[in-house]
Amino acid sequence: MSFGQIQPRRLSDDIVARIETMILEGTLKAGERLPAERVLAEQFGVSRPSLREALQKLVAKGLLISRQGGGTFVTESLGSTFSDPLLQLLENNPEAQRDLLEFRHTLEGSCAYYAALRATEVDQQRLREAFETLQQCYAREPSKISRAEEGAADARFHLAIAEASHNAVLLHTIRGLFDLLRRNVVTNIGGMYAQRSETREILMRQHRALFEAIIERRAEDAREISSQHIHYVQEVLSEAQREAERTARAQRRGALG
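Residues numbered from 1 in each chain as written. Predicted model: local features only at pLDDT ≥ 70, side-chain atom pairs only at ≥ 80, totals over all residues. Heavy atoms only, no water.

Participant: Looking at this structure, how should I read the overall build of the chain?
Facilitator: A count of helices and strands for the chain gives 11 helices and 2 strands. Beginning at the N terminus, the succession of helices and strands in the chain can be written as α-α-α-β-β-α-α-α-α-α-α-α-α. Counting only residues that meet the buried cut, the chain has 39% of its 257 residues in that class. Contacts in the chain between residues at least 24 apart in sequence constitute 74% of all its contacts with a sequence separation of at least 6. (Helix = DSSP H or I, 4+ residues; strand = E, 2+ residues; numbered from the N terminus. Buried < 20%, exposed > 50% of the residue type's maximum accessible area, 1.4 Å probe, protein only. Contact = heavy atoms within 4.5 Å.)

Next up, the structure:
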């Protein structure tokens, strides 16, 4: 029996593995610019030629893009689960909005569960900051804050939960859908606030309960609260849709009369 010689691993391959891990775990985000070559080499404790070789390998893999005179960036398309035209179709189609809520029901419940189990102190601090930003939105009168601003804060809170889950697939799915998620939240709160006056207060309580369950590491409670939150949104929006359909029928009858 013969054994092949073990080839020594190149330093550049170790650098490639490190950067790939940082992209996968979400430390480096799609579209983010890497530090200057000199700075990055110092942070990794490697020579600039080894770093340069690693970056070239990552560019060849499609994970990084190098811009002449502009630096090196994580490829933006890594964060694009759907194309912009498809995003617009999904945003403007009522049935697709319903489908997105069903998808969020499954996805966000899992994120909340794993975040409660795995969140580090750093994750909890980021989640606390996102929650406080959302609470600041709720503290303002509805007439003094735009739906876009409130919706963005809501979506960032849920993104922070995904980051705290330490599940790369969940995180990148949420990040890839972030724009669609944000738009969905903006659309939802407009219809919900118009349908039920108490909705804003209920959403405030739900988000607080979810935040506390994750911070207190009550994983099953976090998943259940997340599910109740999406169920409530589905319920109010379905009620609003039925009301709109009844109004439309009444108007058609009036026109015929």
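From this point, the discussion proceeds with the structure in view.
Participant: Mind showing me how you'd approach the environment of A240 here?
Facilitator: Locating A240 in the fold gives a position in helix α11 (residues 219-256). Residue A240 is classed as buried on the basis of its relative accessible area, which comes to 19%. Once the C-alpha coordinates of A240 and Q195 are considered, the two residues, 45 residues apart in sequence, prove to be 5.9 Å apart.

Participant: I'm lost on the pairing of strand β1 (residues 64-67) in this one. Help?
Facilitator: In the case of a regular strand, side chains alternate between the two sheet surfaces. Sheet analysis places β1 next to strand β2 (residues 71-74), joined by 4 bridges and oriented antiparallel. Directly across from R67, in β2, lies its bridge partner G71. Remark: 3 residues form the turn of the hairpin made by β1 and β2, two consecutive strands paired antiparallel; G69 in that turn has positive phi of roughly 75°. (Pairing = 2+ DSSP bridges.)

Participant: Honestly, the nonpolar core in this entry has me stumped. Any pointers?
Facilitator: Nonpolar side chains in soluble globular proteins tend to be buried together. If you look at the biggest cluster of nonpolar residues, it comprises 45 residues, and the most contacted ones within it are L127, F157, I161, L210, I214 and A222. Of all the secondary-structure elements, those providing two or more residues to this core are α5 (94-118), α6 (121-139), α7 (147-164), α8 (168-176), α9 (178-195), α10 (199-215) and α11. With 8 residues, α7 is the single largest residue contributor to this core. With residues up to four places along the chain from it excluded, the contact list for L127 reads F157, A160, I161, F211, I214 and I215. (Core = buried A, V, L, I, M, F, W, Y, C linked by side-chain atoms within 4.5 Å.)

Participant: What should I look at first to understand the environment of Q234 in this one?
Facilitator: For Q234, the position within the fold is in helix α11. For the pair Q234 and L101, spaced 133 residues apart in sequence, the C-alpha to C-alpha distance is 7.1 Å. Setting aside its immediate chain neighbours within four residues, Q234 contacts L101 and E102.

Participant: It is not clear to me how helix α1 (residues 11-24) should be interpreted in this structure. Could you clarify?
Facilitator: One full turn of an α-helix is made of 3.6 residues, so residues set three or four places apart face in the same direction. The end-to-end C-alpha separation of α1 is 20 Å, in line with the 20 Å expected for 14 residues at 1.5 Å each. Looking only at α1, the buried set comprises S12, I15, V16, I19 and I23. End-on view of α1: buried residues confined to an arc of 100°, all on one side of the axis. Looking at the buried side of α1, the elements it contacts are α2 (37-44), α3 (48-61), β1, β2 and α8. Of the residues trailing α1, G26 is marked for its positive phi of about 90°. (Expected span 1.5 Å × (residues − 1). Arc of directions from axis to C-beta.)

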